[in-house]
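# A closer look at the structure
Spelled out, the chains give:
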Protein chains: 2
Amino acid sequence: MRFIRKIIPSHPKEDATFYRELKTILGFSPVDLTYYKKAFVHRSVKYVDAKGNPQNYERLEFLGDAMLGAVIASYLFKKVPSGNEGYLTQMRSKIVSREHLNELGRDLNLIKFVSSNVAKSKFGENINGNIFEALIGAIYLDRGYLFCKKFIRKRVIKPYVDIPKLEGKITSYKSLFIEWCQKEKKDFLFDIYDDTGNDTVRHFSVKLSLEGKIIAKGRATSKKKAEEIAAKRAYYAFQKEISQNQ
Amino acid sequence: MRFIRKIIPSHPKEDATFYRELKTILGFSPVDLTYYKKAFVHRSVKYVDAKGNPQNYERLEFLGDAMLGAVIASYLFKKVPSGNEGYLTQMRSKIVSREHLNELGRDLNLIKFVSSNVAKSKFGENINGNIFEALIGAIYLDRGYLFCKKFIRKRVIKPYVDIPKLEGKITSYKSLFIEWCQKEKKDFLFDIYDDTGNDTVRHFSVKLSLEGKIIAKGRATSKKKAEEIAAKRAYYAFQKEISQNQ
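Parameters at a glance
Residues numbered from 1 in each chain as written. Chains lettered and ligands numbered in written order. Predicted model: local features only at pLDDT ≥ 70, side-chain atom pairs only at ≥ 80, totals over all residues. Heavy atoms only, no water. UniProt positions renumbered as here; feature names shortened; annotations may be inferred. Least-squares fit on C-alpha atoms with pLDDT ≥ 70 in both. Contact = heavy atoms within 4.5 Å. Helix = DSSP H or I, 4+ residues; strand = E, 2+ residues; numbered from the N terminus. Buried area = accessible area lost by both parts, 1.4 Å probe. Salt bridge = Lys/Arg side-chain N within 4 Å of Asp/Glu carboxyl O. Polar contact = N/O pair within 3.5 Å; in protein donor to acceptor, adjacent residues only side chain to side chain. Pairing = 2+ DSSP bridges. Axes fitted to C-alpha atoms, helices over the stretch in contact; angles between N-to-C directions. Domains from an automatic or database assignment. Core = buried A, V, L, I, M, F, W, Y, C linked by side-chain atoms within 4.5 Å. Buried < 20%, exposed > 50% of the residue type's maximum accessible area, 1.4 Å probe, protein only. Expected span 1.5 Å × (residues − 1). Phe/Tyr/Trp six-rings, centres within 6.5 Å; stacked < 30°, edge-to-face > 60°. Lys NZ or Arg CZ within 6 Å of the ring centre and 35° of its normal.

The name given to chain A in an unreviewed UniProt entry is Ribonuclease 3, and the organism recorded there is Urechidicola vernalis. As stated in UniProt under Cofactor (unreviewed entry), the record for chain A gives "Mg(2+)". Under the UniProt heading Subunit (unreviewed entry), the note attached to chain A is "Homodimer."

Here it is as structure tokens:
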């Protein structure tokens, strides 16, 4: 049997760009780029190693999914000491839901790294989450569990995990904030503007003012998310007043 | 609201025994015994911490399950480079099956550490696997991911994980060995004897002879397992001859 032997190519100039962009996404330096390159190879490319084993992101996705599950489990275990086994399981499912992982991958615009022999428009939404998980798998192989944890804290937990929201206790910080302003007869303004800068994905920023004074800011890939970030910050800054209102 | 405040008790003499026995099971020194004690507290005991959070093995079981899944995923990823995502998922499910985990916990006789307000006879079989997972959770909290990996390699992978068997390619090394002996007209003998020694659980040993010469040994908690271990060792020692026979 003859195997198609195609090793993932290396081009110094392209590698330098990939390294630089990857470092920004990871928040630390990758050591062996080979792992990360595999995380972005679609099965349609049909790369195989010298032994004929397929080299694409699917196996890495399996590995990354397991690491993500472990890191989130350990985070929730420590963060919510009152939560029983059922609660922890349910919270984890919400955090690592397909929809949520797709959003994470999309916000980082990971798809631009994907090499494929089919049109990217044909991929469907799940590719975003799949390569996000594969990237975690690559981090594990390259730098081990502690760097996986570091990456997941930076890219999953810090920007997205909000226990009261996941528990359904708070559905929107924006509405909570607005209700309080109305009740207290205070003027407020969500001032939104395009703030993409050097990012590869479009970003929006919002300045939230109360009685003409800026009290919180937010920046994200959608107007709604940017508003929620600013409202959440304002909520925690004014928590005492707001919760008296509830 | 008044909470029942019962902190997990500490008794120097009992702790010393627990420490010694635990160290043998773990294969390394535990640092903070508190984590491990919790792994063996049944919910019927109703321990709570100063904040009223229940202290029993159930939360640790959730954590240990996640760590076990991650370690086995990483082991399979590296061990079987030809296996695709579906294969890896299936193999992992077989390794971490409820039945298998119960066997692992039972063989280590973990139940003897359990404190409970209900009779141990009422627990049912799953407690063995549950506290085995809780023990992994405690290891993670006490010594981190790398020690979890070390423990899982020693207590799960090394003694129990056999890829050809899990794949269903080999159902019994003993039958394989016997078939080969019969075809080759060679005399063999499985010599089994009780070999519990200082262990807390009954153990058996087997000496496997071929043409009157001992070629392999095995020791386990059942006669069948001890025979399989010896036959597997003999199989790999005589692999070339045996596979020519197949």
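Turning to the relation of the copies chain A and chain B, a few remarks are in order. The two copies are related by a screw motion: chain A maps onto chain B through a turn of 180° and a shift of 0.0 Å along the axis, at an RMSD of 0.1 Å. The relationship between the two copies is best expressed as a two-fold rotation axis. Measuring from the rotation axis to each C-alpha of chain A, the shortest distance belongs to Ala-70 of chain A, at 3.1 Å. When you check the interface residues of chain A against chain B, 100% turn up at the interface there too, and the contact is symmetric in its surfaces.

Residue and element names in this part refer to chain A. As recorded in UniProt, the feature "active site" (unreviewed entry) lies at Asp-65 and Glu-133. Annotated residues spanning 69 residues; largest pairwise C-alpha distance 5.6 Å, indicating a single compact cluster. With respect to the helices, strands and loops of the structure, Asp-65 is situated in helix H3 (residues 57-79). Looking at the secondary structure, you find Glu-133 in helix H6 (residues 127-143).

What follows is about the interface of chain A and chain B. Contact residues are listed per partner, giving 28 residues for chain A and 28 residues for chain B. Of the roughly 2600 Å² buried between chain A and chain B, counting both surfaces, carbon and sulfur atoms make up 64%. Inspection of the region where chain A meets chain B yields zero salt bridges. Along the contact surface separating chain A from chain B lie 10 residue pairs in polar contact (both at pLDDT 80 or more). Among the elements of the structure, H3, helix H4 (85-95), H6 and helix H7 (145-160) of chain A are those that each provide at least two residues to the side of chain A that touches chain B. Take the side of chain A that touches chain B: its biggest share by element is 14 residues, from H3 of chain A.

Okay, the sheet that holds strand E1 (residues 188-194) of chain A next. All names here are of chain A. A sheet is described by the order of its strands in space; here three strands give the open sequence E1-E2-E3, paired in antiparallel fashion. At either margin of the open sheet sits one strand with a lone partner, and together these are E1 and strand E3 (213-220). The sheet shows a mean angle of 20° between the axes of neighbouring strands, direction not considered. Strand direction decides the pairing type here: strand E2 (residues 204-210) and E3, joined by seven bridges, are antiparallel. Within E3, the position partnered with Leu-208 by the bridge is Ala-216.

Residues and elements named next belong to chain B. Read from one edge to the other, the open sheet built from three strands follows the order E1-E2-E3, with strand pairing classed as antiparallel. The sheet terminates laterally at strand E1 (188-194) and strand E3 (213-220), the two strands that pair on one side only. Within this sheet the neighbouring strands show an average axis-to-axis angle of 20°, counted without direction. Together, E1, strand E2 (204-210) and E3 form the strand contacts of helix H9 (residues 173-183), whose direction differs from that of E1 by roughly 145°. Strand contacts of helix H10 (residues 223-237): E1, E2 and E3, with the helix running at about 135° to E3, the strand carrying the most contacts.

Below, the discussion takes up the UniProt feature "domain: RNase III" (unreviewed entry) in chain A. UniProt records the feature "domain: RNase III" (unreviewed entry) at residues 19-144 of chain A, using the numbering of this structure. Secondary structure over residues 19-144 of chain A splits into 60% helix and 0% strand, and the C-alpha atoms at its two ends are 18 Å apart.

Let us now look at the domain arrangement of chain A. Residues and elements named next belong to chain A. Here chain A is described as being made up of domain 1 (12-162) and domain 2 (173-245). Here the C-alpha centroids of domain 1 and domain 2 sit 30 Å apart. Taken together, the contacts link eight residues of domain 1 with six residues of domain 2. Here domain 1 meets domain 2 over a buried area of about 510 Å², counting both sides, of which 39% is carbon and sulfur. The three residues of domain 1 that bury the most area against domain 2 are Asp-107, Asn-109 and Asp-162, which together make up 69% of that side's buried surface. Joining domain 1 to domain 2, the criterion identifies three salt bridges. Lys-225 serves as the salt-bridge partner of Glu-103, at 3.0 Å between the closest nitrogen and oxygen. Summed over the shared surface of domain 1 and domain 2, the result is five residue pairs in polar contact (both at pLDDT 80 or more).

This part covers the nonpolar core. Phe-40, Leu-135 and Phe-151 of chain A together with Leu-135 and Phe-151 of chain B are the most contacted members of the largest nonpolar core, which has 108 residues in total. Excluding its chain neighbours within four sequence positions, the residues that come into contact with Phe-151 of chain A are Ile-25, Leu-26, Phe-28, Phe-132, Leu-135, Ile-136, Ile-139 and Val-156 of chain A.

Residues and elements named next belong to chain A. With respect to the helices and strands, the residue Gly-129 is situated in helix H6. The sequence separation of Gly-129 and Lys-46 amounts to 83 residues, and the corresponding C-alpha distance is 21 Å. Apart from the residues lying within four places of it in its own chain, the contact partners of Gly-129 are Arg-98, Leu-101 and Asn-102.

What follows covers helix H3 (residues 57-79) of chain B. Residues and elements named next belong to chain B. With 23 residues, H3 should reach 33 Å at 1.5 Å per residue; the first-to-last C-alpha distance of 32 Å fits that figure. Here H3 lies mainly inside the structure; 20 of its 23 residues are buried. Put simply, Asn-56 is the residue that caps the front of H3, since its side-chain oxygen is 3.0 Å from the backbone nitrogen of Glu-58.

Scanning the model with the defined rule gives 27 aromatic pairs over all chains in all. Put simply, the rings of Tyr-140 and Tyr-145 of chain A together with Tyr-140 and Tyr-145 of chain B pair up and form one aromatic cluster. Geometry around Phe-77 of chain B places Arg-59 of chain A over its ring, the cationic atom sitting 4.2 Å from the centre. The ring of Phe-147 of chain A has Arg-143 of chain A lying over it, and the distance from NZ or CZ to the ring centre is 3.9 Å.

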